[in-house]
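Read off the chains here:
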Amino acid sequence: MKRIAKVIAILSIAALCASAAIAAEGGNPKKGKYLYKKNCKTCHVEGAEGGPMTPLKKTQAQWDRFFEEKGHACGAKAGMSEQDIKDVQQFLFDHAADSDQPETCG
Ligand code: HEC
């Protein structure tokens, strides 16, 4: 019985991940994660000028606000295109503190 519950739990998590990927609007979260690691983490790790940062650091509303107000300044510093920034926004939004999958799913 326990085992069945575990299988169901795993399947529903997989379904959630799949639906999140399909529901993504404007940005590609998988690409966003890659771009985030490549471009944002250069300045956002312990000891670097931007300080440590993870998707969990903000809620979904806070991420949207950040990207509206100054996300472009940070993205521009990293030499990113508008679309690249959108992808990163989608990745951070999908894994925000109040999201279904805070900093999980790949
Ligand atoms: C060239 C270095 C650099 C790069 C690259 C960079 N940042 Fe930043 N970031 C900073 C610095 C410095 C600050 C703090 C000062 C400020 O607010 O301008 C900051 C501030 C922030 C903050 C504000 C923290 C808060 O709590 O409000 C967020 C969020 C952020 N960056 C996200 C990003 C994201 C996302 C990317 C990639 C698209 C990125 N940064 C790329 C240097 C950088």
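Fair warning: this is a prediction, and the values are worked out from it, not measured in the lab.

This brings us to the overall build of the chain. When helices and strands are tallied, the chain shows 5 helices and 0 strands. Helices and strands appear in the chain in the N-to-C order α-α-α-α-α. Counting all 106 residues of the chain, 28% fall into the buried class. In the chain, of all internal contacts separated by at least 6 residues, the share reaching a separation of at least 24 is 65%.

Take the site of the ligand next. Near the ligand there are 20 residues, and of these Cys40, Cys43, His44, Lys58 and Cys74 occur at the shortest range. The set of elements that each furnish at least two residues to the shell around the ligand consists of helix H2 (29-40), helix H3 (60-69) and helix H4 (71-77). A per-class count over the shell around the ligand returns 10 nonpolar, 5 polar and 5 charged.

Below, the discussion takes up the coordination of the iron atom of the ligand. Within the protein, His44 (NE2) and Cys74 (SG) serve as the donor atoms for the iron atom of the ligand, at 2.0 to 2.2 Å. For the iron atom of the ligand, the 6 donor atoms in the first shell make angles of 86 to 178 degrees at the metal, a pattern classed as octahedral. In this pair, His44 is assigned in the loop between H2 and H3 and Cys74 in helix H4, connecting sequence segments 30 residues apart. According to the relative accessible area criterion, His44 is buried, its value standing at 16%.

What counts as what
Residues numbered from 1 in each chain as written. Predicted model: local features only at pLDDT ≥ 70, side-chain atom pairs only at ≥ 80, totals over all residues. Heavy atoms only, no water. Helix = DSSP H or I, 4+ residues; strand = E, 2+ residues; numbered from the N terminus. Buried < 20%, exposed > 50% of the residue type's maximum accessible area, 1.4 Å probe, protein only. Contact = heavy atoms within 4.5 Å. Near = heavy atom within 4 Å. Nonpolar A, V, L, I, M, F, W, Y, C, P; charged D, E, K, R; others polar. Donors = N, O, S within 2.8 Å, 3.2 Å for Na, K, Ca; no water. Tetrahedral: all angles 85-135°; square planar, octahedral: opposite > 155°, others 65-115°.

All quantities given are derived from atomic positions and should not be read as evidence of function.
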